[in-house]
Amino acid sequence: MAIEAWNDPNARPMVELRGLSKRFGDVTAVDGVDLKVFAGELFAILGASGSGKTTLLRMLAGFESPSAGQLLIDGVDMTRVPPYERPVNMMFQSYALFPHMSVAQNVAYGLKKEGVGKAEIADRVARILDQVKMGHLSGRKPAALSGGERQRVALARALVKRPKLLLLDEPLAALDRKLREHTQFELMNLQDELGITFMVVTHDQEEAMTLSSRIAVMNHGRFEQIGTPEAVYEYPGNRFVADFVGSINQLEATVNRVDADRVLLECASAGCEMEVVSDAAPAPGSDCWVAVRPEKILISKAPPETGRVAVKGVVHDLGYFGNLSIYRVELPTGHMMKVSAQNRQRSATKTLEWDDEVYLSWEVGSAVLLTD
Amino acid sequence: MRQRATGLLTVAAFGYAFLYLPIVSVMVYSFNDSRLVTLWGGFSLRWYRALLENEAVLSAAVLSVQIALASATVATLMGTLVGLGLHRLGRFRGRTLLTGMITAPLVMPEIITGISLLFLFISLGEWIGWPTTRGATTISIAHITFSMAYVAVIVRARLAGMDESLEDAAMDLGGRPLQVFIDVTVPTIAPAMISGWLLAFTLSLDDVVIASFVSGPGATTLPMLIFSKVKLGVTPDINALATVIILLVSAGVIAAAWIGRRTPAGGSG
């Protein structure tokens, strides 16, 4: 997207949720969420199972009726509109291809129900199947297709209706690793080409990070944080997000002094004083956490240059992953720190061994201060 | 190793012989030229010819097929609705009880089903004046009551194996609930309905106990006729008749099993 619509106060959202809730008996699956998704976005809802993301998706599609709140699509209230009258289509996790219909019949189904003329159906089906590179298999039954091929058909079947919003339920979950990477980029290209708003539901943070323009991290039926992948990863809003998206070290600390955006802390986990950059301006004496991503930490035998936050420790464990090495370093307090280092030089891989005394250091601005 | 295999084969052969020798002997002796059932007098088709000329047998056969057709069709429709209902209602208190109750007629002794239905028809006759006489209609109703349980069980099993999101997908693509049912649900459960129908058909064709209870004057099904004839002594034409029925019934059962297996339920296979 050329301009970031979510930063433009006058932009009209394609999808708008206003205090949307869903309760099943005494269980609140979705708890009063507000959200604006803009035209052409590839928006990901990221959450663990039981976070309410699937219920939210089913409400968007119209399979579940909200207990409270409002759901607008392109400015029209869709809260009580049945699924077959919504300008929304979905690609199911199981793909849900009709087993008794051929690929072409599967794709044509939605157009038939819409009452589109025969010639136009044939034309549109052929075009979309070509677009997902499935034209040569249009006569096959779903049972005779591979997983990746089924996914393309499912995608074509949803897209051929030209929905205003396409919902994707764990789109890459059923594919093997090689195919995932490939499909991921194809999805992004297709989305770019068609300009349809995509909403993806996933439990896989890697999938969410690479696919989407923005991510909403969901937990216990609420959004913990909504932002671009970079914002969510680099500036997690709370401990849950920090921990759920990627890997992170969290150090317990108490605020000593606040000096503009510089916060001086007494870090209990590391057993020393520490400086962090933050706009949060926490009250002196309050508890907080310092969060540092493993790749932001430099591991060295020699003392680091001044100006960096540094702690001492002992290598407890190391794992070699080819392109990078993961170290688990024990601080004098017993706290374990995870550090990852790129193996830029072949010789570099063997310079550190078990029980080596090392310095861990990071730039003041690389750590994040979390207050809850 | 080899010895063990031979031993197993012998046991298996013995078991199958036990199961099928009586049936095979009936079939073989149906081609017996002799008037005596137990004495082989050469190959002949005379008992089949005699069968075709026997008015009583032919009309009983026609009645049996009519009842089987009617009861299988109604039982399939009703059993399908029951299976759908049990599947759709989801989880609720008493679901296990209801599900168990639908399978009860499968294990209920036929004689009890027969007696209870006879009582029902007599009582109904007294209360609402229907049925005035017992015959083909009451037999059909009786057959529907027990064979629809079979259909319900088969359809429910098929639905349990169906990908739930198929119906969601059809609705998502613009299908209204009734269209979704016709476009997606029915094709998915069709194999179960067909095998259920075939099973109901053969069950009805087989039944002698229940039919004997709920039948009336003038309505004699083929199994009833055979049973009454055998009481007077086994004649070779019974062998011929039995052979025809065996072939019909096994064709039905094999077709039911084949259709059930050939088409896998569920989403993307």
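These numbers were taken from a predicted model, which means no experiment stands behind them. (Residues numbered from 1 in each chain as written. Chains lettered and ligands numbered in written order. Predicted model: local features only at pLDDT ≥ 70, side-chain atom pairs only at ≥ 80, totals over all residues. Heavy atoms only, no water.)

## A short note on the overall build of chain B
For chain B, the helix and strand inventory stands at 11 helices and 0 strands. Counting helices and strands in the order they occur from the N terminus, chain B gives α-α-α-α-α-α-α-α-α-α-α. Here the C-alpha coordinates of chain B stretch approximately 70 × 70 × 30 Å along the principal axes. The proportion of buried residues among the 269 residues of chain B is 40%. Sequence-distant contacts in chain B: of pairs separated by 6 or more residues, those separated by 24 or more amount to 70%. (Helix = DSSP H or I, 4+ residues; strand = E, 2+ residues; numbered from the N terminus. Buried < 20%, exposed > 50% of the residue type's maximum accessible area, 1.4 Å probe, protein only. Contact = heavy atoms within 4.5 Å.)

## Some thoughts on the packing of aromatic side chains
Under the definition given, this model contains 8 aromatic pairs over all chains. Ring geometry for Phe240 of chain A and Phe244 of chain A: centres 5.4 Å apart, planes at 10 degrees, overall stacked. Within this pair, Phe240 of chain A and its partner Phe244 of chain A are both found in helix H8 (residues 239-244), separated by 4 residues, close to a single helical turn. With relative accessibility at 21%, the residue Phe244 of chain A sits in the partly exposed group. Plain terms: the ring middles of Tyr16 of chain B and Tyr20 of chain B are 6.4 Å apart, the flat faces sit at 10 degrees to each other, and that makes the pair stacked. Taken as a pair, Tyr16 of chain B and Tyr20 of chain B lie in helix H1 (residues 2-29) at a separation of 4 residues, close to a single helical turn. (Phe/Tyr/Trp six-rings, centres within 6.5 Å; stacked < 30°, edge-to-face > 60°.)

## Regarding the domain arrangement of chain A
How big an interface is tends to be expressed through the accessible area that disappears when the partners come together. Residues and elements named next belong to chain A. Here chain A is described as being made up of domain 1 (5-243) and domain 2 (247-370). Tallying the contact residues gives 9 residues for domain 1 and 8 residues for domain 2. Between domain 1 and domain 2 lies a buried interface of about 860 Å² when both sides are counted; carbon and sulfur atoms form 47% of it. The largest per-residue losses of area from domain 1 upon contact with domain 2 belong to Tyr233, Arg239 and Ala242, which jointly make up 61% of the total buried on that side. Put simply, domain 1 and domain 2 have 1 salt bridge between them. The closest approach of N and O atoms between Glu234 and Lys296, which form a salt bridge, is 3.2 Å. The interface formed by domain 1 and domain 2 holds 5 residue pairs in polar contact (both at pLDDT 80 or more) in total. Residue assignment for the side of domain 1 that touches domain 2 shows that the elements contributing at least two residues are helix H7 (229-234) and H8. (Domains from an automatic or database assignment. Buried area = accessible area lost by both parts, 1.4 Å probe. Salt bridge = Lys/Arg side-chain N within 4 Å of Asp/Glu carboxyl O. Polar contact = N/O pair within 3.5 Å; in protein donor to acceptor, adjacent residues only side chain to side chain.)

## Looking at the interface of chain A and chain B
Between chain A and chain B, the residue contacts involve 25 residues of the former and 21 residues of the latter. Carbon and sulfur atoms supply 57% of the area buried between chain A and chain B, which totals about 2,000 Å² over both sides. Contact with chain B buries area across many residues of chain A, yet Tyr84, Tyr109 and Lys113 of chain A alone supply 30% of it, more than any other trio. Taken together, chain A and chain B are joined by 3 salt bridges. Between Lys113 of chain A and Asp183 of chain B there is a salt bridge, with the nearest N and O atoms lying 2.7 Å from each other. For the interface between chain A and chain B, the tally reads 10 residue pairs in polar contact (both at pLDDT 80 or more). Those elements that place two or more of their residues in the side of chain A that touches chain B are helix H1 (53-61), strand S6 (88-91), helix H2 (103-114) and helix H4 (147-159) of chain A.

## Thoughts on the side chain of Ser21 of chain A
Topologically, Ser21 of chain A is positioned in strand S1 (residues 15-24). In contact with Ser21 of chain A, not counting residues within four places along its chain, are Val30, Asp31, Gly32, Met59, Pro66, Ser67 and Ala68 of chain A.

## Remarks on the nonpolar core
If you look at the biggest cluster of nonpolar residues, it comprises 48 residues, and the most contacted ones within it are Leu17, Leu56, Phe98, Leu167 and Met199 of chain A. Residue contacts for Leu56 of chain A: discarding those within four places in its chain leaves Leu17, Leu20, Val30, Val33, Ile45, Met218 and Phe223 of chain A. (Core = buried A, V, L, I, M, F, W, Y, C linked by side-chain atoms within 4.5 Å.)

## Points about the sheet that holds strand S13 (residues 272-277) of chain A
Residues and elements named next belong to chain A. In spatial order, the strands read S13-S12-S11-S14-S20; together these 5 strands make up an open sheet with antiparallel pairing. Of all strands in the sheet, those with a lone pairing partner are S13 and strand S20 (368-370), marking the two edges. Each adjacent strand pair in this sheet contributes to an overall mean axis angle of 45 degrees, direction not counted. For strand S11 (residues 249-259) and strand S14 (residues 287-292), the ladder comprises 6 bridges, and the chain directions are antiparallel. Bridge assignment links Leu251 to a residue of S14, and that residue is Val290. (Pairing = 2+ DSSP bridges. Axes fitted to C-alpha atoms, helices over the stretch in contact; angles between N-to-C directions.)

## Considerations on helix H6 (residues 136-160) of chain B
The end-to-end C-alpha distance of H6 of chain B, which contains 25 residues, comes to 35 Å, matching closely the 36 Å that a straight helix rising 1.5 Å per residue would cover. Along H6 of chain B, the sharpest change in direction is near 30 degrees and occurs at Phe146 of chain B. (Expected span 1.5 Å × (residues − 1). Bend = angle between axes of the 7 residues up to and from the residue.)

## Remarks on the packing of helix H3 (residues 55-88) of chain B against helix H4 (residues 95-107) of chain B
Residues and elements named next belong to chain B. Direction vectors running N to C along H3 and H4 enclose 160 degrees, while the axes themselves pass 11 Å from each other. Judged on the interaxial angle alone, H4 and H3 are roughly antiparallel. For the pair H3 and H4, the crossing hand works out as left-handed. Of H4, the residues touching H3 (which contributes Val82, Leu86 and His87) are Arg95, Leu98, Thr99 and Ile102. Tallied by class, the residues present in the contact of H3 with H4 amount to 4 nonpolar, 2 polar and 1 charged. (Parallel < 35°, antiparallel > 145°, perpendicular 65-115°, else oblique. Left-handed = near helix turned anticlockwise from the far one by under 90°. Nonpolar A, V, L, I, M, F, W, Y, C, P; charged D, E, K, R; others polar.)

## Overview of the pattern of salt bridges
Oppositely charged side chains are able to pair whenever their charged atoms sit close together. Residue and element names in this part refer to chain A. Tallied over the entire structure, the rule returns 26 salt bridges over all chains. The salt bridge partner of Asp74 is Arg12, with a shortest N-O separation of 2.6 Å. Highlighted residues: Asp74 in the loop between strand S4 (68-73) and strand S5 (76-77) and Arg12 in the segment before S1, separated in sequence by 62 residues. For the salt bridge of Glu64 with Arg58, the shortest nitrogen-to-oxygen distance reads 3.3 Å.

## Here we look at the layout of surface pockets
Residues and elements named next belong to chain A. Roughly 760 Å³ of volume is contained in the largest pocket. Together, 26 residues line the largest pocket, and Ile297, Ile299, Ser340, Ala341 and Gln342 are the ones closest to its centre. Elements supplying a minimum of two residues to the lining of the largest pocket: strand S15 (298-300), strand S17 (324-330) and strand S18 (336-342). Broken down by element, the residue count for the lining of the largest pocket peaks at 4 residues, all from S18. Considering only residue class, the lining of the largest pocket consists of 12 nonpolar, 9 polar and 5 charged. (1 Å grid on protein atoms, 1.4 Å probe; cavity = no way out; pocket = protein on both sides within 12 Å on 5 of 7 lines; lining within 4 Å. Points joined across faces, edges and corners; volume = space filled by probe spheres on them.)

## Quick look at the pairing of strand S3 (residues 42-47) of chain A
Residue and element names in this part refer to chain A. Counting buried positions along S3 gives 6 out of 6 residues, so the element sits mostly inside the fold. Burial along S3 is two-sided: Leu42, Ala44 and Leu46 facing one way and Phe43, Ile45 and Gly47 facing the other are all buried. Two strands pair when backbone bridges link them, and S3 and strand S8 (residues 197-202) are joined in this way by 5 bridges, in the parallel orientation. Within S8, the position partnered with Leu46 by the bridge is Thr202.

## What about the packing of H2 of chain A against helix H3 (residues 118-131) of chain A?
In a pair of packed helices, the angle between the axes and the distance between the axes together describe the arrangement. Residue and element names in this part refer to chain A. Between H2 and H3, whose axes approach to 10 Å, the crossing angle comes to 125 degrees. Taken as axis vectors, H2 and H3 run oblique relative to one another. Here H2 runs over H3; the crossing is right-handed. Residues Val103, Ala104, Val107, Ala108, Leu111 and Lys112 of H2 touch H3, and the partners they reach there are Ile121, Arg124, Val125, Ile128 and Leu129. Taken together, the residues of the contact of H2 with H3 sort by class into 9 nonpolar, no polar and 2 charged.

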